[in-house]
Amino acid sequence: MADPVLELHEPVGDVVKQTTCYMCACRCGINVHLRQGRVRYIEGNPAHPVNRGVLCAKGSAGIMQHYSPARLDKPLLRVGERGEGKFREIEWDEALALAAGWLRETRERDPDRLAFFTGRDQSQALTGWWAQQYGTINYAAHGGFCSVNMAAGGLYTLGGSFWEFGEPDWEHSKYLMLWGVAEDHDSNPIKLGLGKLKGRGAKVVAVNPVRTGYGAIADEWIGIRPGTDGLFAFALIHELLKADKVDLDYLVRYTNAHWLVVRNPGGADDGLFARDPEGRALCWDTAKGSPLPSPLPQGERASEAPLPSGERGWGEGKRPGAPAPADATGISPAIVGDVTLPDGRRAVPAFQLVAERYLDPQYAPEAVAERCGIPAATIRRIARELAAAAFDAPVVIDQPWTDSHGVRHETMVGRPVSFHAMRGISAHSNGFHTCRALHLLQLLLGAVDTPGSFRYQPPFPRPIPPANRPGKARQPNGALDAPPLGFIHGPEDLLVDADGQPRRLDHAYSWRYPLAVHGMLHTVIRNAWAADPKPVDVLFLFMANMSWNSAMNTAETMHWLTDKGADGEYRIPKIIYSDAYSSEMVAYADLVLPDTTYLERFDAISLLDRPISDADHAADAIRHPVLDPATQREGRDVRGFQSVLLDLGARIGLPALVKDDGSPRYADYADYILNHERAPGVGLLAGWRGDGTQHGKGPPNPGQLERYREHGGFWEAPVPAAGRYFKMANRDYLQWSQQMGFIAKAEPVVLQLYSETLQKFRLAAQGHGPVQPPEAERERVATYFDPLPTWYEPFEGARLDLQQYPLSAVTQRPPFMYHAWGSQNAWLRQITARNFLYLHPGTAARHDLADDDWVHVDSHHGRITVQCRIVGNVQPDTVWTWNAIGKRRGAWKLAPDAPEARKGFLLNHLISDQLPGGGYANADPVTGQAAWFDLRVRLHKAAAHDASLPQFPSLGDGPGDDRPLRYGADFRTS
């Protein structure tokens, strides 16, 4: 019998419109089938570069996200007390007049008294620019409690990072290690890539305390103890160094391994790079008039000295040669040895410092095995497997290319070992250095942007650190001199007052958290309540559910939002909140501005923000209204937040938002997307600029959005074939990147094994330089600003008696939900509508627990009482649950007895926003990243309960009709 002819993409409605999904951060292309003005079906767009037609449960359930009963309908003005959920509906004219009045009055008094913080918004290219125009330094977004360790660790080491900004070489990698990876970000591309790897027989190793999703299909699961990934990486480095399995040629070509580091203990230049009078870093040239061609032919080692093993002497004797610029050609640089510079100072190559540190016996597999929960034999085996995959069969691509020195290479040779890492690494107080440890391990293997390894996605790599520093001062028109978020190059860039104390409300960019490149959203509510460092007048939040699943210390956060001073007024005077749905945070707002759903608005998925590029293509995309919000529900009157923000900016006269005559410069967000230029020729979208034939850079094009619609809602441009690998030092790529407007100059990016930026902070803490920390911060800065990756016990565990709190507790991001959005979705709730605490069988046996028993879970901060389940997919000293399933009664228009509220729960109730004993945020000391996964707990069997604890008063009465929500049956009969 012949196979049936299946019309797999036959339209099932009157019309199909193509846009971008918003059900997670993957940003897949979707085809939305409409019938009679309603959504009939959502499928993946086969032509889209992100997902190639693949769509997950979340994306398909976007129908029920759009038609959610929890959608807000009108602007709301509070009429009861905060937290009661009592509002009256008002019209937009009144809402905008109120908001503009509050914002105008605050700006006239002091722009920094506006705290503007956004959650999972994907529009920071607009919101950060708006904050700059307003003039407030108190702006930040979601990344501070999500991914800043990953971003900062990568950008200060590689000029790029994991997450959505880089990817494994799915076509050529033979060995992939997933470190702390869940299924929420970039999920469909990862699924597609894993399918390719598995089909080719490549090995996949998952390092995670919990085995779900990707880990479930991995060839090997390493159930590591939370917070010890850095130790594991150092043990692997230790083994590679002992075995001489290090790509020295790669290190000298592309990293600062050969740069000379001054050894002058106690001196102001100790640990800095030796430089010539022009400021160029120096190396030690051993050629002495007999130069080797540089760069060396691929595959040869760049140093005449073999890599010393643990038995060889270090720093003994003097090497012949002379200093030379480290970026010069025609030299043979040393990577080991103690040298004396012409001015008499001692110096050693940075690689020698690497080898001295990690060959130390404290990093041997036997020394770290117990703490990591990984047998020493397993650590040694993984190191051997990495070395074999990297060095025994390099990948060779027959593609000529030219490096940044002008040297032509006939082939591209790479190490087929790739890493990918995410929140499981990032969300620890030692996460920054753990991220750097993984990058160091990659660099030693020669496995960054080579065939088979981790690859940059345009617009990366960027200079290290990126050029833009955070705004500090206001111009005469009131705008900040730079965007409020940026990159610190040294102590002089910090946002501190004359006494060295934080200027920002969240304490980002202070001596407490210097490299907080995403800000610190998790500290905002406490500090606003405490007026630390000074009072705020208006707290303006967008899609940041700060009273519930985005809060550490939930109960106290709700108290801070409602607390009043002796004068009877709220200590946080005014709260404006925008969301599309009636989340828990809505009840705590004074004014609610209802957002559209993602099917009703314009968005720019911009290269200025979170790009959707892959390693071989630059790409961006739009969302556009496939539905008119005015027709979606009777009486519903909502507006896209971005357009509202532009409207408010024009009403209060922000400099770049009004024309000379005071009229609005932009009619709405679509107009802004089309006509705003961040720099001449650089706008939010890179495709079809100017007359429609220019890409990357070019004047605004009035027809640009229509071109995107015609092209499925996206644009992509291929990286030149000769520029697809070695992007950090590839002339073709760097010139193309400059032409596209991604970088200012086509200069190579030198990858940083050793960070001089971090050493500058350590020197300041030791009393050197014009900008030094207050006395109380010196020891902390000197300890954690190590120029080489280091490891220390996660802070919560280090401050507690671990016999009292013997277990780690973490959440895992479910593949079928995203933040809190998904668990109000009628279709996704059918997958799971409540969560359990999952225990290893051994842990359950020690506590006499069985499936569905109730258990008290205690941290140093609080207690929850929940039901448990016994599973085999967890490290024995760890308990876990799904993230953000639990809901507060009355929120999200769920029924009062909805299982999410009655039996669901959050670990957030156990997590303190401050460290045990107080004093500092529960965060990484380098970046301020929220340390969600440092949580330590103990268990006690509990009597049966009717509901999980704690429970809080209901935020409302729930839906007027709580019958099962059905959708689409009438399509079959119409």
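Predicted model only: the values in this text are computed from it and were never measured. (Residues numbered from 1 in each chain as written. Predicted model: local features only at pLDDT ≥ 70, side-chain atom pairs only at ≥ 80, totals over all residues. Heavy atoms only, no water.)

A. Broad picture of the packing of helix α7 (residues 229–242) against helix α11 (residues 376–391). Close contact between α7 and α11 brings their axes to 9 Å; oriented N to C, the two are set at 60°. Here α7 is positioned oblique relative to α11, judged by the angle of their axes. At the point where α7 passes α11, the crossing takes the right-handed sense. Between α7 and α11, the contacting residues are Phe232, Ala235, Leu236, Glu239 and Leu240 on the first element and Ile379, Arg380, Ile382, Ala383, Leu386 and Ala387 on the second. Per-class residue counts for the contact of α7 with α11 are nine nonpolar, no polar and two charged. (Axes fitted to C-alpha atoms, helices over the stretch in contact; angles between N-to-C directions. Helix = DSSP H or I, 4+ residues; strand = E, 2+ residues; numbered from the N terminus. Parallel < 35°, antiparallel > 145°, perpendicular 65-115°, else oblique. Left-handed = near helix turned anticlockwise from the far one by under 90°. Contact = heavy atoms within 4.5 Å. Nonpolar A, V, L, I, M, F, W, Y, C, P; charged D, E, K, R; others polar.)

B. A look at the pattern of salt bridges. Counted by the stated rule, this structure contains 59 salt bridges. Between Arg474 and Asp110 there is a salt bridge whose closest N-O contact spans 3.6 Å. A residue pair is termed long-range when its members are at least 10 positions apart, and Arg474 in the loop between β22 (454–456) and α14 (524–530) and Asp110 in the loop between α3 (92–109) and β6 (114–118) qualify at 364 residues. By relative accessible area, Arg474 is classed as partly exposed at 36%. (Salt bridge = Lys/Arg side-chain N within 4 Å of Asp/Glu carboxyl O. Buried < 20%, exposed > 50% of the residue type's maximum accessible area, 1.4 Å probe, protein only.)

C. The arrangement of the nonpolar core in detail. Core analysis: the biggest nonpolar cluster contains 307 residues, and Val39, Trp130, Met177, Trp179, Phe232, Phe351 and Leu837 have the highest contact counts within it. Tallying contributions element by element places α7 first for this core, with nine residues. Listed in part, the nine residues of the second largest apolar core include Leu282, Trp284, Ala334 and Leu341. (Core = buried A, V, L, I, M, F, W, Y, C linked by side-chain atoms within 4.5 Å.)

D. Spotlight on the sheet that holds strand β27 (residues 617–623). With respect to topology, three strands assemble into an open sheet ordered β26-β27-β28, the strand pairing being antiparallel. Each of the sheet's edge strands pairs with one partner strand only, and the pair in question is β26 (603–605) and β28 (714–718). Between one strand axis and the next, the sheet turns through 10° on average, direction left out of account. With three bridges joining them, β26 and β27 adopt antiparallel strand pairing. (Pairing = 2+ DSSP bridges.)

E. Molecular detail of the packing of aromatic side chains. All chains considered together, the criterion is met by 44 aromatic pairs. Judged by centre distance (6.4 Å) and plane angle (65°), the rings of Tyr22 and Tyr598 are edge-to-face. Here Tyr22 is found in the loop between β1 (15–20) and β2 (29–35), whereas its partner Tyr598 is found in the loop between β25 (591–594) and β26, with 576 residues between them in sequence. We note that Tyr22, like Tyr598, is buried. Through a chain of ring-to-ring contacts, three or more aromatic side chains come together here, namely Phe116, Trp130, Tyr134, Tyr139, Phe540, Phe542 and Phe641. The positively charged end of Arg869 is found above the aromatic ring belonging to Phe836, 3.9 Å away from the centroid. (Phe/Tyr/Trp six-rings, centres within 6.5 Å; stacked < 30°, edge-to-face > 60°. Lys NZ or Arg CZ within 6 Å of the ring centre and 35° of its normal.)

F. Here's a closer look at α11. Taking 1.5 Å per residue, 16 residues should reach 22 Å; α11 reaches 23 Å between its end C-alpha atoms and fits that length. Buried within α11 we find Ala376, Thr378, Ile379, Ile382, Ala383, Leu386, Ala387, Ala389, Ala390 and Phe391. For α11, the secondary structure elements touched by its buried residues are β9 (175–179), β11 (220–222), α7, α10 (365–372), β21 (417–421) and α13 (431–444). (Expected span 1.5 Å × (residues − 1).)

G. Representation of the packing of helix α5 (residues 148–155) against α13. Remark: α5 packs on α13, axes separated minimally by 8 Å, with the N-to-C direction vectors making an angle of 45°. Classified by the angle their axes make, α5 and α13 are oblique. α5 and α13 meet at a crossing whose hand is right-handed. Every residue of α13 that contacts α5 at Asn149, Met150, Ala152, Gly153 and Gly154 is listed here: Gly431, Phe432, Cys435, Arg436 and His439. A per-class count over the contact of α5 with α13 returns four nonpolar, five polar and one charged.

H. Just the pairing of strand β32 (residues 863–870), in detail. Bridge count for strand β30 (residues 837–839) against β32 is three bridges, and the pairing is parallel. Opposite Leu837, over in β32, you have Cys868 as the bridge partner. Counting the residues in the hairpin turn of strand β31 (residues 854–858) and β32 gives four residues.

I. Representation of the sheet that holds strand β24 (residues 574–579) in the model. Read across the open sheet, the seven strands follow the order β5-β4-β25-β24-β23-β6-β7; overall the sheet is mixed. At either margin of the open sheet sits one strand with a lone partner, and together these are β5 (87–89) and β7 (139–140). By the bridge criterion, five bridges tie strand β23 (residues 538–542) to β24 in an arrangement that is parallel. Paired with Phe540 across the strands is Ile576, a residue of β24. Running at roughly 120° to β25, α3 makes contact with β4 (76–78), β5, β6, β23, β24 and β25 of the sheet.

J. Structural detail: the state of the cysteines. Under the defined criterion, the tally for this structure stands at zero disulfides. Here Cys26 stays free of any disulfide, with the sulfur of Cys28 as its closest cysteine sulfur at 3.5 Å. Judged by relative accessible area, Cys26 falls into the buried class, the value being 2%. (Disulfide = S-S within 2.5 Å.)

K. Examining the environment of Arg888 more closely. Residue placement: Arg888 occurs in the loop between β33 (878–882) and α24 (899–902). Arg888 sits in the buried class, given a relative accessible area of 7%. Linking Arg888 and Leu955, residues 67 residues apart in sequence, is a C-alpha distance of 7.5 Å. When sequence neighbours within four positions are dropped, the list of residues in contact with Arg888 reads Trp548, Met558, Glu584, Tyr588, Ala901, Phe952, Pro953 and Leu955. Of note is the side chain of Arg888, whose polar atom sits 2.7 Å from the side chain of Tyr588. (Polar contact = N/O pair within 3.5 Å; in protein donor to acceptor, adjacent residues only side chain to side chain.)

L. Focus on the confidence of the model for the protein chain. When pLDDT is averaged across the protein chain, the result is 94; 96% of the residues are at 70 or more. Below a pLDDT of 50 lies the segment residues 289–317, which in the model reaches 76 contacts outside its immediate sequence neighbourhood of four places, other chains included. (pLDDT = per-residue confidence, 0-100.)

M. Just the pairing of β23, in detail. Where burial is concerned, most of β23 is hidden: five out of the five residues are buried. Taking every second residue as pointing to the same face, both faces of β23 are buried, with Val538, Phe540 and Phe542 on one and Leu539 and Leu541 on the other. Looking at chain direction, β6 and β23 are connected through five bridges and run parallel. Each bridged residue has a counterpart across the sheet, and for Thr118 the counterpart in β23 is Phe542. Handedness of the crossover is the feature at issue here: the chain leaves β23, passes through helix α15 (residues 554–562), returns alongside β24, and the resulting connection is right-handed. (Right-handed = clockwise from strand over helix to strand, strands pointing away.)

N. Representation of helix α4 (residues 124–134) in the model. Here α4 lies mainly inside the structure; ten of its eleven residues are buried. Taken together, the buried positions of α4 are Ala125, Leu126, Thr127, Gly128, Trp129, Trp130, Ala131, Gln132, Gln133 and Tyr134. On its buried face, α4 is in contact with α3, β6, β7, α16 (641–651) and α17 (669–675). Following α4 by one or two positions, Gly135 has its phi on the positive side, about 100°.

O. Representation of the side chain of Glu600 within the structure. Relative to the elements of secondary structure, Glu600 occurs in the loop between β25 and β26. Given a relative accessible area of 4%, Glu600 falls into the buried group. A polar side-chain atom of Glu600 sits 2.9 Å from the main-chain amide nitrogen of Thr597. A distance of 2.7 Å separates the side chain of Glu600 from the side chain of Arg636, its partner in a polar contact. For Glu600, the residues in contact, after removing those within four places along its chain, are His66, Pro625, Leu627, Pro629, Gln632, Arg636 and Val638.

P. Structural context of unusual backbone geometry. Of note, the bond from Ile464 into Pro465 is cis; its omega dihedral lies within 30 degrees of zero at -15°. By secondary structure assignment, the location of Pro465 is in the loop between β22 and α14. In this model, Leu949 is joined to Pro950 through a cis peptide bond whose omega is 5°. Note on placement: Pro950 falls in the segment after β34 (936–942). The phi angle at Gln36 is positive, at roughly 55°, despite the residue not being glycine.

Q. Representation of the environment of Gly698 within the structure. Tracing the backbone shows Gly698 in the loop between α17 and α18 (704–710). Classification of Gly698 by relative accessible area gives buried; the value is 6%. Considering only alpha carbons, one finds Gly698 and Gly928, 230 residues apart in sequence, at a separation of 38 Å. If sequence neighbours within four positions are ignored, Gly698 has contacts with Glu677, Gly681, Arg689 and Gly690.

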